[in-house]
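Topology and contacts: notes
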Amino acid sequence: MFFAGVFALYSRLSSLNNRLCSFHNGLNGFVSGLGGSLDSRLLGNFLHGLVGSFHSSLDSGLFGNFFYSLHSFIGSGLNGGLFSNFLDSVGGHGSNGSGSLGCLLCGGHSSLGSLFGAGLAGGLLGGLNNLSGGFGNRLIGRSLHGVNNLGSNFGSSLGSGVNVLVATHFGARSEKNVRESVHTSFLVCLIAGFLMLALGLIFARPLLELLNTRDDLIDGAELYLRIYFLGMPAAALYNYGNGVLNAIGDTKTPLIFLSTAGVLNVILDLVFVIGLGMSTDGVALASMLSQCVSAGLIVRSLMRSKEIYSLSLKEIRFHKDKAIHALSVGVPAGLQNAIFSVANLFIQAGVNSFSTVVVEGNSAAGNVDNLVYSVMNAFYIACSSFVGQNYGAGKSRRVLKSYLLTLCYSAVAAAVLGVLFLLFGHQFLSLFTSESDVIEAGLARIWVMCFSFPISATMDCTTAASRGLGKGLVPMIFVFLGSCVFRVAWIYTVFAHFHTIRSLYMLYPFSWVLTGAAEIAYFLYCYKKYVKPLDASHAAE
């Protein structure tokens, strides 16, 4: 078995060498053209060379595993982790306890370039990993990928609750509350992880049957899910540690641990799938083991820390008020992710009413959304942390500036990426299909969405700001009404009347405008009611 695996690996590497030669030729063509004008045909030749290099390997599943590993352990776990340069540029790691925005929010904008670049680069890397996760679906199937997202999104949502809780007390310089928050959150996330584990083991088969998984795949898919969900407690602990460290401004440490686990995941994928001949069970086992490593590293780091946010097993206690605070932000965030998934089912049903060409074009163009949203999400996470810290510190003006700056940066990032995809949308879509009709169908979506992405910042960034104030329920209700109820109503009225793909896509900007307006109104209400009075209280002191 071992020698057969080695021979298979040798064959794959030989095939890869041929593909790299093709890629090299395409790259040479790209570089040689830099002396002239960079038109769309030049970029197209380069991208086609890139696709030609890796297309066969992706189909074979080798690079599907590789990209899926990166998606699972780097893409979803960035959570603002690549905002380390962002934090450094706006005032260090919050060591002064008065918030991380430092001199930037006091009036200086000299670090705008580096700040924007850090957010853009971090989000782009996260988006590329989300994009590559789609290649992994070739092996594990789209239904499994959706179930994976459900579990991982729930864990990251709890992490956002931990982030806001710790950031608020850290900004207030309350060592007692910080320590209680850190140790209570550890228990909450650990219990949630085991709860997800139990639910995954119990409902793995029913979920797959509900998703109409093919009979010849369902047994392997069930085994995959059972193994994958064994890593849920570890994933919950990583998200816990990531939330704690992000709250105090340390985003480099979680990123290092996450990258380490990602590299390990890739190596284990190669060993299990190619070397040992395993299938989806090998991918799941590699994911589970890597999750345990990332969790172990980040918990060990917190336990070895000498700062006020350090973790001590002797101090682990359950403090009801801290648990409620974390859950009041984390649970609505998780439900919000579920709401988007439900709304997308209705939208996909509308897309499916068109031809196969339109369906495939829509699917290919959806990868643009992944890239842009990942960039914007990096700013949203920074918004929650900064608003929470400054709210805890009683800095009302910095709370508002934190919100306005991250709103502007996320909108500008979306606009810049939107323009790029408008210019090079044809070349980007050629990464996923060579059929001109499918590319044209994908461009129809890109043309609508790229003008609409900046609008979505008014909804998502404002929701993040409200979470930073500890208000998660009402923003979630607005998202439910605007992104689920309104969109479903649009499909059964406007779309049903016109029944054009453009009339379906237009529900996105309209729903973002309505939901964004409601979110802004609610944030301003909370700001006036809960944040502005802090000025008077500090003046009295």
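Going by the structure above, here's the rest.
Quick summary incoming for the structure in this document. (Residues numbered from 1 in each chain as written. Predicted model: local features only at pLDDT ≥ 70, side-chain atom pairs only at ≥ 80, totals over all residues. Heavy atoms only, no water.)

1. What about the overall build of the chain?
Note the threshold: Here a strand is any run of E in DSSP of at least two residues, a helix any run of H or I of at least four, and the numbering for each starts at the N terminus. The classification of residues rests on relative accessible area computed with a 1.4 Å probe and restricted to protein chains. Under 20% of the type maximum is buried, over 50% is exposed, and intermediate values are partly exposed. By definition in these notes, contact holds between two residues if any of their heavy atoms fall within 4.5 Å. Method for areas: the Shrake-Rupley scheme with a 1.4 Å probe, in which residue coverage is limited to the protein chains shown.
A count of helices and strands for the chain gives 20 helices and zero strands. Across the 541 residues that make up the chain, the buried fraction comes to 54%. Considering only residue pairs separated by 6 or more positions, the chain has 83% of its internal contacts joining residues 24 or more positions apart. Just so you have it, the chain exposes about 22,800 Å², and 67% of that area is on carbon and sulfur atoms.

2. Regarding the packing of helix 9 (residues 215-229) against helix 12 (residues 280-304)
Here is the rule we go by: Under this scheme, a helix contributes an axis fitted over its contacting stretch, all axes are lines through C-alpha atoms, and angles between N-to-C directions fall in the 0 to 180 degree range. An angle below 35 degrees is treated as roughly parallel, one above 145 as roughly antiparallel, one from 65 to 115 as roughly perpendicular, and anything else as oblique. Under the convention adopted here, Pro, Cys and the residues Ala, Val, Leu, Ile, Met, Phe, Trp and Tyr are nonpolar, Asp, Glu, Lys and Arg are charged, and Gly plus all remaining residues are polar.
For the pair helix 9 and helix 12, interaxial distance at closest approach is 8 Å and the crossing angle is 5 degrees. Considering the angle they form, helix 9 stands roughly parallel to helix 12. Of the residues in helix 12, those touching helix 9 at Gly220, Leu223, Tyr224, Ile227 and Tyr228 are Thr280, Asp281, Val283, Ala284, Leu285, Ser287, Met288 and Gln291. Across the contact of helix 9 with helix 12, the residue classes break down as eight nonpolar, four polar and one charged.

3. Considering the side chain of arginine 179
The cut-off we apply is this: Whenever two N or O atoms come within 3.5 Å, that pair is a polar contact, provided that in protein one can donate a hydrogen and the other can accept it, and provided that, for residues adjacent in sequence, both atoms are side-chain atoms.
Here arginine 179 lies in helix 8 (residues 175-210). Here arginine 179 falls in the buried class, since its relative accessible area comes to 15%. Within the local environment of arginine 179, its side chain forms a polar contact with the backbone oxygen of isoleucine 308, the two atoms lying 2.9 Å apart.

4. So, a negative patch on the surface
Note the following rule: A residue counts toward a patch only above 30% relative accessible area and without a salt bridge, and it is joined to like-charged neighbours within 9 Å or, for Val, Leu, Ile, Met, Phe, Trp and Tyr, to nonpolar neighbours within 5 Å. Salt bridges are defined by distance alone: a side-chain nitrogen of Lys or Arg within 4 Å of a carboxyl oxygen of Asp or Glu. Counted as positive: Lys and Arg. Counted as negative: Asp and Glu, with His and the chain ends omitted from the count. The location of each charge is read from NZ of Lys, CZ of Arg, CG of Asp or CD of Glu.
Residues Glu360, Glu435, Asp437 and Glu440 make up a contiguous surface patch of negative charge. On the secondary structure map, glutamate 435 appears in the loop between helix 15 (396-429) and helix 16 (436-468). Of the residues examined, glutamate 435 reaches a relative accessible area of 44% and is grouped as partly exposed.

5. Some words on the packing of helix 16 against helix 19 (residues 507-531)
What counts is decided by this rule: Whether a crossing is left-handed or right-handed is set by the direction in which the near helix is turned from the far one by less than a right angle, anticlockwise for left-handed and clockwise for right-handed.
The N-to-C vectors of helix 16 and helix 19 enclose an angle of 20 degrees; their axes lie 8 Å apart at closest approach. Here helix 19 runs roughly parallel to helix 16, going by the angle between their axes. For the pair helix 16 and helix 19, the crossing hand works out as left-handed. Note on element contacts: helix 19 touches helix 16 through Tyr508, Pro509, Trp512, Val513, Thr515, Gly516, Glu519, Ile520, Tyr522 and Phe523, opposite Arg445, Met449, Ser452, Phe453, Ile455, Ser456, Thr458, Met459, Thr462, Thr463, Ala465 and Ser466. Partitioning the contact of helix 16 with helix 19 into residue classes produces 12 nonpolar, eight polar and two charged.

6. A closer look at the nonpolar core
So the rule is basically this: Side-chain atoms within 4.5 Å are what join buried Ala, Val, Leu, Ile, Met, Phe, Trp, Tyr and Cys residues into a set we call a nonpolar core.
Formed by 55 residues in total, the largest nonpolar core has its most connected members in Val368, Val372, Phe421, Leu429, Ile446 and Phe453. Secondary-structure elements contributing two or more residues to this core are helix 13 (320-352), helix 14 (356-392), helix 15, helix 16, helix 17 (473-498), helix 18 (501-505) and helix 19. Ignoring anything within four residues of it in the chain, the contact list for phenylalanine 453 reads Val368, Asp369, Val372, Tyr373, Met376, Ala414 and Trp512. Val162, Tyr240, Ile248 and Leu258 belong to the second-largest nonpolar core, a separate cluster that totals 27 residues.

7. As for the pattern of salt bridges
The final tally for this structure, using the stated rule, is eight salt bridges. Put simply, glutamate 222 and arginine 205 hold a salt bridge, and the shortest N to O gap is 2.7 Å. Linking glutamate 222 in helix 9 with arginine 205 in helix 8, this pair joins segments that are 17 residues apart in sequence. The partly exposed category is assigned to arginine 205, whose relative accessible area is 26%. Ionic pairing is found between arginine 226 and glutamate 222, a salt bridge with its closest N-O pair at 3.1 Å. Here arginine 226 and its partner glutamate 222 are both found in helix 9, four residues apart, which amounts to about one turn of the helix.

8. Considering the packing of aromatic side chains
Note on aromatic pairs: each is described by the distance of the centres and the angle between the planes. Heads up, the rule is: Stacked, edge-to-face and tilted labels apply to pairs of Phe, Tyr and Trp rings (six-membered ring for Trp) whose centres lie within 6.5 Å, assigned for plane angles under 30 degrees, over 60, and everything in between, in that order.
Across all of its chains, the model carries 17 aromatic pairs by this definition. Ring geometry for tyrosine 373 versus phenylalanine 453: centroids 5.6 Å apart, planes at 85 degrees, classification edge-to-face. Of this pair, tyrosine 373 sits in helix 14 while phenylalanine 453 sits in helix 16, and the two are 80 residues apart along the sequence. The partly exposed category is assigned to tyrosine 373, whose relative accessible area is 27%. Between phenylalanine 379 and tyrosine 409, the aromatic rings sit 6.1 Å apart at their centres with planes inclined by 45 degrees, giving tilted as the arrangement.

9. Details of the environment of methionine 303
Relative to the assigned elements, methionine 303 resides in helix 12. Separated by 10 residues in the primary sequence, methionine 303 and leucine 313 place their C-alpha atoms 8.2 Å from one another. Discounting residues that sit within four places of it in the chain, methionine 303 has contacts with Leu311 and Leu313.

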